[in-house]
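Understanding the architecture of this molecule
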Amino acid sequence: MFVYRDEIDGLRSVAVIPVIFYHAGFTDYFAGGYVGVDIFFVISGYLITSVIDHECEEGRFSLVSFYERRCRRILPALFLILFLSSIFAYKYMLPGQLNEFGETLIAIVCLNSNVYFWWKDDGYFTNISELNPLVHTWSLAVEEQFYFVFPLLCHFFAKKRRCLVILLISAALMSLLLSQWGGNLRSLSRNQFQGFAQPTYATFYLPTGRIWELLCGAFIAFYLCTKDSSKEFSRLTKEFYALLGVLLIILSVVVLDNHRIPPFPNFYTILPVSGASLIILFAEKNTIVGYLLSIRLVRWIGLISYSAYLWHQPLLAFLRIQSTTTPQLHLIIIVVALVFPLSFLSYKFIEQPFRDKQRFSRKQIFAISGLCSAITLILAIHSIQIANIRSMTAEQGGDEYLSDLRKYGNWQYVVRDFDALVRFKTFSNQTAALGKKRMVLIGDSFAQDVYNMIIEGKHLANYEIRVYFIYSRCQIYLGTEDRMQFIEKRHHRTCTDANDIKYALPLIRQADAIMLASNWYEWSAQRLPTTLKLLNLTEHQQVFVIGSKHFGIVNPALYVNKSMVFRMKQFQAPKTEIVNVNNLLAKSIEKHIFVNVMKMVCTGYNLTCPLFTPRGKLISHDGAHLTKYGAGYVGEIIFTNKPLNKL
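Keep in mind that what you see is a predicted model, and the values were worked out from it rather than measured. (Residues numbered from 1 in each chain as written. Predicted model: local features only at pLDDT ≥ 70, side-chain atom pairs only at ≥ 80, totals over all residues. Heavy atoms only, no water.)

Comments concerning the nonpolar core
Note the threshold: Think of a nonpolar core as a cluster: buried Ala, Val, Leu, Ile, Met, Phe, Trp, Tyr and Cys residues, connected wherever their side-chain atoms sit within 4.5 Å. Burial here depends on accessible area, computed with a 1.4 Å probe over protein chains only, as a share of the maximum for the residue type. Under 20% is buried, over 50% is exposed, and the range in between is partly exposed. Between two residues, a contact is recorded if the distance between any of their heavy atoms is within 4.5 Å.
By size, the foremost hydrophobic cluster in this structure holds 103 residues, and its most contacted members are Tyr-46, Leu-78, Trp-138, Phe-150 and Ile-280. In this structure Leu-78 touches Ile-108, Thr-137, Leu-140, Tyr-306 and Leu-310, once residues within four positions along its chain are discounted. Counting 45 residues, the second largest nonpolar core, distinct from the first, contains Tyr-413, Met-439, Leu-441 and Leu-644.

Written out as structure tokens, the structure reads:
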């Protein structure tokens, strides 16, 4: 029999608080705060299965009633957040962002926002997700996709529990293996074998790597429906395992830094899932953990946890979208504090009334849900249309800013020409006959920027150019030390493949000039003299090292409909760590080799960097990578000055 438990509400608060603080940027103490979602999955699986199993035993389970409860529970507060977010999106978002916001609304109504984010491939752990007010809805989509199938299985196998359990155990094991495959074993061979392992974010957003977490909660429900844990285990045993569950969750929240582990979820996810499972199984009210989770304040946060989860991401995202720089700490704290009163209000005046069957009948709930879905779709289409109108209006008014941003201020532009050249693994046999020299450009996205500089400025016309890409997390390094000790764990597999300069040595041997461009890290910059020495270049070969670049925090939305005069006055200080690494390179690399881009470009007051070219064109769309006009502007500077002017 299903019994309401105060401590489960308390566990909800343990799940939601780390998520909020993680998204707020307090990653020094909540590096693994995102695992709160995994705890929610276990809780959800336990509660939903308990109710379904209880109703099936009494012979009154109904799919219509089940989905009615889901509508009452999920949709009212969700639609409130969608409607309010639409207002702020209309006011603060750039056309491109507003267009994507509209697409996200459509995906949410269709219950597949997780698939949409996977398809967009922005990456949950990137800075881009910080500006997406609805990225957190992916977890709701995962749950609803799971609950499209799970209740049906419970209903059809109600009298065949053994078959159901075997089926679910098989599904859980398969899901766990798929999560590890996608999270750690991305490529089984050098032949790019893909499937669920491509891309690495697939199992983060998709239910394939999450089903086992929900099923863990379901298995607990099945167990507790047949066994009484209060009689099965001694008080000491329950205390021990409940405390162990708390320790596993604390360990997960503090230690599971996404920068240090393979892409999530994976086998590390067993830690928070096990912690939540142990608490549900053993933390009864008469235990220490059960008592702490039943404290009124803790339970109160748990009761409003769904609303808190919905509110926190839009508030933080719109704060960042409208800010000229990274929001100050006190503003972040104010927003986080604001989450809880807003959540209480939406819980009291939105969630609770719609759960009351006396106030809203089943027909009314379904009708209101349908109406709100239709309104959301209208808002989505309107957002997309407004985004297009704003872009067209700006272009017709003579200001090409938005048009330029859409065409040349994005990743597609940065990688396009470089990636088209990657397929050429060697130089042509006719280089010498054409009177051309050979150059190889090696590096990460900063090397892609350099190639765009060459293309936009028509530089190095007397060179046949080949390129070799090395992921920035892997860095350019040759030496006796194992570079894996410097690389984040989650990138180890990527960096054992072709993302190593040693695989570019055949191209280097054929080249007359070698150009290394990277977002240099301190460890690779310190060892760069050794790397250059181990390239074993001949006296006829030239080598150049392009320094890192940064233009400060760039928010393109701030410069829409601004005058040329205003734009030309915009200067910002680059990241201190970029300046420090460039200074390190300048000291350790010979002057005729090192190209200090920042020193050449950032000539403003206190060595600040311009955000716009002399023609009023945005130089960088994200503070690090160049637009088309930024590539032309920066390229003209570095290729007409020493040391590249001798090429």
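Back to the text.
Section: the side chain of Ser-86
Defined as follows: The way it works is that DSSP assigns letters per residue, a run of H or I at least four long becomes a helix, a run of E at least two long becomes a strand, and they are numbered from the N terminus.
Considering the arrangement of structural elements, one finds Ser-86 in helix 3 (residues 63-92). Each residue touching Ser-86, except ones within four places of it in the same chain, is listed here: Phe-101, Leu-105 and Leu-379.

A few points about helix 20 (residues 411-422)
The criterion, for reference: Multiply 1.5 Å by the residue count of a helix minus one, and that product is the helix's expected span. Summarising the geometry, the arc corresponds to the directions from the helix axis toward the C-beta atoms.
Helix length check: helix 20 (12 residues) gives 16 Å between terminal C-alpha atoms against 16 Å at 1.5 Å per residue, within 8%. Of the residues making up helix 20, those classed as buried are Tyr-413, Val-414, Phe-418 and Leu-421. Summarising the axial view, the buried residues of helix 20 lie within an arc of 120°, below the 170-degree limit, and thus occupy one face. Close packing links the buried residues of helix 20 with helix 19 (401-408), strand 1 (437-443), helix 21 (445-457), strand 2 (463-469) and helix 29 (628-639).

Structural notes on the packing of helix 3 against helix 16 (residues 305-322)
Two quantities define a packed helix pair, namely the angle between the helix axes and the distance between the axes. Rules: In this analysis, axes come from line fits to C-alpha atoms, helices being fitted only over the stretch in contact, and the angle between any two N-to-C directions falls in the range 0 to 180 degrees. Any angle between 65 and 115 degrees counts as roughly perpendicular, while under 35 counts as roughly parallel, over 145 as roughly antiparallel, and the rest as oblique. Polar here means any residue outside two lists: the nonpolar Ala, Val, Leu, Ile, Met, Phe, Trp, Tyr, Cys and Pro, and the charged Asp, Glu, Lys and Arg; Gly therefore counts as polar.
Interhelical geometry of helix 3 versus helix 16 gives an angle of 5° and a closest axis separation of 10 Å. Put simply, helix 3 runs roughly parallel to helix 16. Within the contact between the two elements, helix 3 uses Arg-73, Ile-74, Ala-77, Leu-78, Leu-80, Ile-81, Leu-84, Ser-85, Phe-88, Ala-89 and Tyr-92 and helix 16 uses Tyr-306, Ser-307, Leu-310, Trp-311, Pro-314, Phe-318, Ile-321 and Gln-322. For the contact of helix 3 with helix 16, the per-class residue count stands at 15 nonpolar, three polar and one charged.

Examining unusual backbone geometry
A cis amide bond links Lys-642 to the next residue, Pro-643, at an omega of 0°. Within the element layout of this structure, Pro-643 appears in the segment after helix 29. The phi dihedral of Leu-460 is positive, around 55°, even though this residue is not glycine. Positionally, Leu-460 belongs in the loop between helix 21 and strand 2. At Leu-607, a residue that is not glycine, the phi angle is positive and equals roughly 60°.

Things to note about helix 13 (residues 270-282)
Taking 1.5 Å per residue as the helical rise, helix 13 with its 13 residues ought to reach 18 Å, and the 18 Å between its terminal C-alpha atoms agrees with that figure. Counting buried positions along helix 13 gives 10 out of 13 residues, so the element sits mostly inside the fold. For helix 13, every residue scored as buried is listed here: Pro-272, Val-273, Gly-275, Ala-276, Ser-277, Leu-278, Ile-279, Ile-280, Leu-281 and Phe-282.

Here we look at the packing of helix 7 (residues 138-156) against helix 10 (residues 211-226)
Quick note on the threshold: Crossing chirality is assigned from the near helix's rotation relative to the far helix, an anticlockwise turn below a right angle marking it left-handed and a clockwise turn marking it right-handed.
Where helix 7 contacts helix 10, the axes come no closer than 11 Å and their chain directions differ by 60°. Classified by the interaxial angle, the pair formed by helix 7 and helix 10 is oblique. Helix-helix and strand crossings are classified by hand; for helix 7 and helix 10 the assignment is right-handed. Note on element contacts: helix 10 touches helix 7 through Ile-211, Leu-214, Leu-215 and Ala-218, opposite Val-142, Glu-143, Phe-146, Tyr-147 and Phe-150.

Some words on the environment of Asn-536
By the secondary structure assignment, Asn-536 is in the loop between helix 25 (528-534) and strand 4 (542-546). Overall, the relative accessible area of 55% leaves Asn-536 in the exposed class. Separated by 27 residues in sequence, Asn-536 and Arg-509 place their C-alpha atoms 9.0 Å apart.

Topic: the side chain of Glu-144
Formally: Two N or O atoms count as a polar contact when they lie within 3.5 Å, although within protein this holds only if one can serve as hydrogen donor and the other as acceptor, and sequence-adjacent residues are included solely when both atoms are side-chain atoms.
Relative to the helices and strands, Glu-144 resides in helix 7. At a separation of 2.6 Å, a polar atom in the side chain of Glu-144 contacts the side chain of Arg-70. In contact with Glu-144, other than residues within four places in its own chain, are Arg-70, Ile-74 and Leu-111.

So, the state of the cysteines
Just so we agree on the cut-off: Throughout, disulfides are identified as pairs of cysteine sulfur atoms within 2.5 Å of each other.
In this structure the tally under the stated criterion is two disulfides. At a sulfur-sulfur separation of 2.0 Å, the disulfide partner of Cys-474 is Cys-495. Sign of the S-S torsion, about -85° for the bond between Cys-474 and Cys-495, identifies this disulfide as left-handed. Note that Cys-474 is positioned in the loop between strand 2 and helix 22 (492-496) and Cys-495 in helix 22, a separation of 21 residues in sequence. Here Cys-474 falls in the buried class, since its relative accessible area comes to 0%.

Quick word on the pattern of salt bridges
Quick reminder of the rule: What makes a salt bridge here is a side-chain nitrogen of Lys or Arg within 4 Å of a carboxyl oxygen of Asp or Glu, nothing more.
In total, this model carries 25 salt bridges according to the counting rule given. A salt bridge links Glu-351 to Arg-355, with the shortest nitrogen-to-oxygen separation between them at 2.5 Å. Here Glu-351 and its partner Arg-355 are both found in helix 17 (residues 329-355), four residues apart, which amounts to about one turn of the helix. Judged by relative accessible area, Arg-355 falls into the partly exposed class, the value being 33%. In this structure, the salt-bridge partner of Lys-628 is Glu-456, at a minimum N-O distance of 3.0 Å. Of the two residues, Lys-628 sits in helix 29 while Glu-456 sits in helix 21, which places them 172 residues apart along the sequence. Take Glu-456: its relative accessible area is 22%, and that puts it in the partly exposed class. It is possible to trace a salt-bridge network through shared partners that takes in Glu-55, Glu-58, Arg-60 and Arg-69.

Looking at the domain arrangement of the protein
Often, the extent of an interface is quoted as the loss of accessible area upon association of its parts. Our working definition: Domain limits in this description derive from either an automatic procedure or a database domain assignment.
Examined at the domain level, the protein breaks down into domain 1 (6-390) and domain 2 (411-640). Placing the centre of domain 1 and that of domain 2 at their C-alpha centroids yields a distance of 40 Å.

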